[in-house]
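So you can see what is in the structure, the chains are spelled out below.
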Amino acid sequence: MLARSIDTKSDTEVTTESTRSPSSIGDYKITGRDSLVFLVDASKEMFIKGEDGEPSNFDMTINLVTMMVCVLKIISSDKDLVALVFYGTEESKNPRNSFKHVYVYHDLSEPGAKRVQEVDALRGEKGAKLAAETIGSGETSLGDALWCCANLYSDIKLRLSHKRLMIFTCRDEPHGGDSVKDRQARTKASDLKETGVVIDLMHLMKPGGFDISLFFCDIVSPPEDESELGLQLQPSDKLEDLLKRVRAKELKKRALARLNLCLGEGINVAVGIYATAVAARKPGSIKLYRETNEPVRSKTRTFHTQTGSLLLPSEIKKAQYYGGKEIVMERDEVDAIKKFDDPGLFLIGFKPMEKLKLHHHIRPAVFLYPEEDEVKGSSCLFSALLKKCSERNVFALCRFISRRNYPPRFVALLPQNEELDEGKVQITPPGFNVIYLPFADDFRTLDPPQFPSASQTQVDKMKEIVSKLRFKYRSEGFENPVIQQHFRNLEALALDMMAPEEIEDLIMPKVDQIDQRLGPLVQEFKDLVYPAYYNPESKPAAKRKTADTGGGAEKKPKVELTEDELKAHVQNNTLVKLTVPVLKDACKQFGVRTTGTKKQELIDALIARLRS
Amino acid sequence: MDVGLTMSNSAPGEESSFELAKKVIQKFVQRQVFSETKIELALVLFGTDSTDNPLSQDGQYQNIRVHRHLRIPDCELLIEIENQVQPESKEGDWLDALVVCMDLLHTETKGKKYDCLNIALLTDLNTQTNEESLEVIINNLTQSGITMQFFLPFPVEEDKEGQGDSERRDPGHPGTGKGLSREQKKNMELVKEMMLSLDVEDGLDEIHTFRNAIEELCMFKRVERRPVAWPCQLTIGSSLSIRIVGYKAVTDEKPKKMWITVDAQSHQKDDVKRETVYCLDDDNETEVQKDDIIQGFRYGSDIVPFSKVDQEQMKYKHDGKCFAVLGFTKQSAIHRHQFMGSQILKIFAARDDEHAGVALSALIRALNELQMVAIVRYAYNRTSNPQVGAAFPCIKQDSECLMYVQLPFMEDLRHFTFPSLENKKFTPSDAQLSAVDSLIDSMMLVEEDENGEQRDLFKPHRIPNPAFQRHFQCLHHRAVSPGTPLPPIEPWLKAALDRPEVITERCQDPLDVLKRKFPLTEVEKKKKLKTSAQIFGKESEESEAKKVKEDEAEEYNLANIAEAPVIVFISLFGCGDPRVLPVCQQLTHRIEQLLSNKNTQYYMKSITCIQAFREQSVKLANAEHYNSYLQSLKGSIPNRGLEVFWELLVQDGLTLISKDEVEGSTVSKAEANQFLVAEEQKEEAAPAPVEDTGDVDDLVSVQCLFLTCLYFYSNTCLCNCCDSNGVKTISCVSTWGVCDVLSSQI
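Going by an unreviewed UniProt entry, chain B carries the name X-ray repair complementing defective repair in Chinese hamster cells 5 and comes from Oreochromis niloticus. If you open the UniProt record of chain B and go to Subcellular location (unreviewed entry), you find "Nucleus". You can read under Sequence similarities (unreviewed entry) in the UniProt record for chain B the words "Belongs to the ku80 family."

By the naming in an unreviewed UniProt entry, chain A is DNA helicase, taken from Oreochromis niloticus. Note on chain A: under the UniProt heading Catalytic activity (unreviewed entry), the record states "ATP + H2O = ADP + phosphate + H(+)". Turning to chain A, the UniProt record has this under Sequence similarities (unreviewed entry): "Belongs to the ku70 family."

Right, dumping it as structure tokens:
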């Protein structure tokens, strides 16, 4: 149906660390919900179709709203509030019906399946007809529309953290030069802005061009960055462009943490850490009561097995088993062990870019941008650092503690310059990419097999193959089939569809195309590298079996351990020498229930049993 | 280990050989225990008062005690070493002890499989030995394949002169050659003979000193995991496949063991149970059985029930294990910061399959020559989610492989836009840029030495994960000394995580410049996260800590305190501003404040101020303020007991400004000279007792006051830094930051 995109809202707690500390200083706390109002022009002009049967501006807008509401909002941030309001309508519908020609199609609330269907109904030819019937086109008063929107906001009892209003129109003079109405609109707009609402204009194509300076420049919120003022964005005529622009505005940047980048004693640059690439996962499930489908709450308690009494945190300690001894620590000691320093980045030095090895990778990078609001002067120093690092092709090596009670990691700060596309839309933001570097423990010792290298003829043939299969990689080119399938399934269930929509698995090789493009090259290459009898598809030659016939094929007789033997193993700490099957048998034999199947877990379980 | 009489000898202030040897053993056992290796270990002590070994008979093999037989080391052994291994008073023959060890290895490894046998001997060699048995011993060692390591208090003498090696060994090792006793020298020869005749390359390298061994053993062994092979087929289209095997090469390694929850009293895991119950969200909190719960997912405001069975049926399914090429693209199209996942896989051709080896080599080399990568679909097995990733060619001297890294899905990316930094407000000036330039110069961690070889001063990938090191340090401590608080982080670890010292020294000046060029002011936050300590008041604790730190802190503050006024003064005064008078008053006021602390350090700061005052006055040909202040200061010296200070002033020759220096001055040169001399004569011997009233808080408030005054003069927004929040805020602003702001404002 639509291209969709998901960003899970867990920005605030994105870490791959297995253990999470519930609170930390570096965290940026967000309270309240986000809200978005679509204020859509419903005048006749909006319904005019393009010359070659291109969809009308109205149709395009509704398409976009559907996409935003139904997909982005529902999938990514289902707690956000969304409203859809039309202005310049014939009919009027608003809470107290105090405004004419303003039609509140959906007031501010969480979007749901029903709403998706309702907005969906406005799409296309049929939709236009439906729109003409229900809302119609009439007089315009943007002032009233804005006032009405202000009421929508004030009717919300929830705490709102972010308020955004997007105006979609193709008319740069909505009131046709009526200065009273213009002034009224301006006043209402500034009232709204004062209450913290950000007003954006998504202006659409208009014959003769859309002139923002005529009227709308006074309505919209000033850009957060002054330089943007200079570049007048072109009106959008493509859904894709519009979507890109709306998404750029709509995506709130949330810092994972705000902390200091310390260059030296007393030189602290405030920076925000942002996750720009986070593995999207299926959102968590909610537990429901089978009978009523109502959500249930879960309560977790810790209690004493013998007395059955609830245990207070102070009655619990933590332990690890090493060298035949239970080593016990207080719970706060366990945290204290992990603490090396307060959260922050500390500059160690600089290195030439080629010193950053490709295989030094342990987790996805994060992004660094200055926080002028925290330390004045940060942006200037940051910008100078960025410029020089980029010019000299060096990266900064830092020690990084991301949260309270987190052990340090070393990171490389890679400079990234700002890039804009032809439409002056930012493709890459300016800042440092933070690459996590591995410690000695993170490398595994491999014993690489040795083989003769390929000859140049063989390499050249492969080069032909490679060249035939060239394509332009784009990072956003592949959707995650697992997540896509999950959401199609949900959508089908929620909207009572007969079957979920088919997904296209983009990470499946297009075998037919590849074969066709390569043609005879494959056989030519195979002739060069493989002897005639060789079949790479076959199972590897069963070497081991032939080597010692009989012995290997038969299963070894079961080794049953006596309790004494086992105790001796426990005593001498030699349980590790036993194999997993033997340990499992031993567990069964002594009636030890184990939760896991890992060797260590089996050993721990046995030890716990036999010592007691 | 030798625990005999001479082992406890030590030079004054130095640790005895016994202490050092014990540390070596402790560290070694620690590593074994916490890395849970399967190495078995026995401990034989010699020079013991008692004798306990299977060979002792008829007065032979005396004073040798087998403390522990061959077993996997455990915490008990650690505790024993800590508490039971003590210096004793007899003498033991190290060759005899060696024989006991060999016998022990021989009898106790019977019927066991092993990779190698090793004896480590820790002794000072200061005993009489029966050298006749040497040859037999050497033969025996060679036959049974036992390797030897010696740990001695002193380094082995290098026979070959002029080899730089001996240099690196000596510092800190007393008595290289000279201080050795006759026995030691003789024994040393025996050791050398033994090590050279054993069938090992460079046998002398296995003779270590205690100190070097401790240094090398100080870190806990890195977490090692055996790589698991992942056999698969690399496919290009339907008919080209290459048999491959993948290994995890780099991954975010986690600790092997998790903390388990135990009861605080019994320390038993089984005594604690966690249980989760579910209940309806009604007034009665009606409990719901686990079987009556189904899963649902949010779809906007709706919750869609979705049973596990349905999920399983409807979910995405695939064919399992695969490594299939989707196509090839330029390496430059793959951004480093878009690497996903937490690992790097290395892909080799299947073992023992030469044809696969050649085929894969062709692909690796082709990619390398074209600077391209393969974009592949990777699935570990049927139950795991498939990924998209890039396979980079990697050619090393002895091996070729593909390196696979996961790339993002469209859903993973967030295209945040950030305001451009090409903004007039933030654009750095040329001077600022060059300050950053010189900082980078001074902090380059990779440099070329004289031979044109690159030297990397800081390699994070060689540093063991500090979290693990600290973890094991604390576990060891708790195991050996239960009931005592955890130890601080070990110094070597702290140092390993810090800037290399060379860099710290080198970057000091560029950092100072940077600090001056880039004013940074912390913006006061309306709402600050309060820690519980702040809420509940940690006053008492804090003041305790403060007292302890006072000494360090004082020095730190003093370093900043006087520089700021001087610089500010220079920039204000230097502009010939009509407000010179108030500025002078401000400075003199400051000097007076400094002088109210009768302490040499404060005196020095005052001198600096006066010096600057004088220099600037001369420069601007305005002697009036300076001279009048100095005269009044002189007058007050006896009353205030500032003789010591005056002496310093005299030493620095800070007299009145004479006519020769500044025309407007009313003082002649002779008078100026006399000004100091006269005082000298008058001076009485007894200097006032030096009182230390250095209170950190006082200093801070003075500083704040000073800045507030400056604010008044300069109309700059310095009020931010004057909150009484702490020393740090203020000092960072005051030192350099202010002067730039001020000079630009005036």
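Before going further, it helps to spend a moment on the overall build of chain B. The number of helices and strands found in chain B is 24 helices and 20 strands. Looking at the 746 residues of chain B, the share that counts as buried comes to 50%. Pairs at least 24 apart in sequence give 70% of the contacts found in chain B among residues at least 6 apart. Accessible surface, chain B: about 36,700 Å² in total, of which carbon and sulfur atoms supply 48%.

In this assembly, 219 residues from chain A lie in contact with 202 residues from chain B. When chain A packs against chain B, the two sides together hide about 20,500 Å² of surface, and 61% of this comes from carbon and sulfur. For the chain A face of the interface with chain B, the top three residues by lost area are Tyr322(A), Asp441(A) and Arg444(A), together amounting to 4%. Our count for the contact surface shared by chain A and chain B stands at 13 salt bridges. Ionic pairing is found between Arg392(A) and Asp441(B), a salt bridge with its closest N-O pair at 2.6 Å.

Ranked by size, the top nonpolar core spans 103 residues in total, and within it Leu345(A), Phe350(A), Ile375(B) and Leu514(B) carry the most contacts. In this structure, Ala454(A), Ile465(A), Val358(B) and Val376(B) belong to the second largest nonpolar core, which totals 43 residues.

So, about the sheet that holds strand β2 (residues 81-87) of chain A. Residue and element names in this part refer to chain A. In spatial order, the strands read β3-β2-β1-β4-β5; together these 5 strands make up an open sheet with mixed pairing. At either end of the open sheet lies a strand with only one pairing partner, and these are β3 (102-109) and β5 (197-203). Strand-to-strand twist of the sheet, defined as the mean angle between neighbouring strand axes without regard to direction, takes the value 15 degrees. By the bridge criterion, 8 bridges tie strand β1 (residues 33-41) to strand β4 (residues 160-169) in an arrangement that is parallel. Paired with Leu39 across the bridge in β4 is Ile167.

So, about the confidence of the model for chain A. Residue and element names in this part refer to chain A. Of the residues in chain A, 83% reach a pLDDT of 70 or more, and the chain-wide mean stands at 80. The low-confidence segment residues 1-30, where pLDDT is below 50, has 75 contacts with residues more than four positions distant or belonging to other chains. Of the regions scoring below 50 in pLDDT, residues 541-556 engages in 1 contact with residues more than four places distant in sequence or in other chains.

Before going further, it helps to spend a moment on the packing of aromatic side chains. Following the criterion strictly, the structure yields 35 aromatic pairs over all chains and no others. For the ring pair Tyr103(A) and Tyr105(A), a centre distance of 6.3 Å and an interplane angle of 40 degrees mean the geometry is tilted. A centroid spacing of 5.7 Å and a plane angle of 85 degrees characterise the contact between Trp94(B) and Phe150(B), whose relative ring orientation is edge-to-face. A residue pair is termed long-range when its members are at least 10 positions apart, and Trp94(B) in helix α3 (residues 94-108) and Phe150(B) in strand β4 (residues 146-152) qualify at 56 residues. The class for Phe150(B) is buried, based on a relative accessible area of 0%.

This part covers the sheet that holds strand β13 (residues 322-330) of chain B. All names here are of chain B. In spatial order, the strands read β6-β7-β14-β17-β16-β15-β13; together these 7 strands close into a barrel with mixed pairing. Averaged over all pairs of adjacent strands, the angle between strand axes in this sheet comes to 40 degrees, irrespective of strand direction. In this structure, strand β7 (residues 240-251) lies alongside strand β14 (residues 340-349), joined through 7 bridges in antiparallel fashion. Bridge pairing links Tyr247 to Lys346 in β14.

On to the side chain of Thr329(B), then. When you line up the elements, Thr329(B) lands in strand β13. A polar contact of 3.3 Å, which involves the side chain of Thr329(B), links it to the backbone nitrogen of Tyr473(A). Ignoring anything within four residues of it in the chain, the contact list for Thr329(B) reads Phe471(A), Lys472(A), Tyr473(A), Ile334(B), Met372(B), Val373(B) and Ile375(B).

Thresholds applied
Residues numbered from 1 in each chain as written. Chains lettered and ligands numbered in written order. Predicted model: local features only at pLDDT ≥ 70, side-chain atom pairs only at ≥ 80, totals over all residues. Heavy atoms only, no water. UniProt positions renumbered as here; feature names shortened; annotations may be inferred. Helix = DSSP H or I, 4+ residues; strand = E, 2+ residues; numbered from the N terminus. Buried < 20%, exposed > 50% of the residue type's maximum accessible area, 1.4 Å probe, protein only. Contact = heavy atoms within 4.5 Å. Areas by Shrake-Rupley, 256 points an atom, 1.4 Å probe, with all protein chains shown as cover. Buried area = accessible area lost by both parts, 1.4 Å probe. Salt bridge = Lys/Arg side-chain N within 4 Å of Asp/Glu carboxyl O. Core = buried A, V, L, I, M, F, W, Y, C linked by side-chain atoms within 4.5 Å. Pairing = 2+ DSSP bridges. Axes fitted to C-alpha atoms, helices over the stretch in contact; angles between N-to-C directions. pLDDT = per-residue confidence, 0-100. Phe/Tyr/Trp six-rings, centres within 6.5 Å; stacked < 30°, edge-to-face > 60°. Polar contact = N/O pair within 3.5 Å; in protein donor to acceptor, adjacent residues only side chain to side chain.

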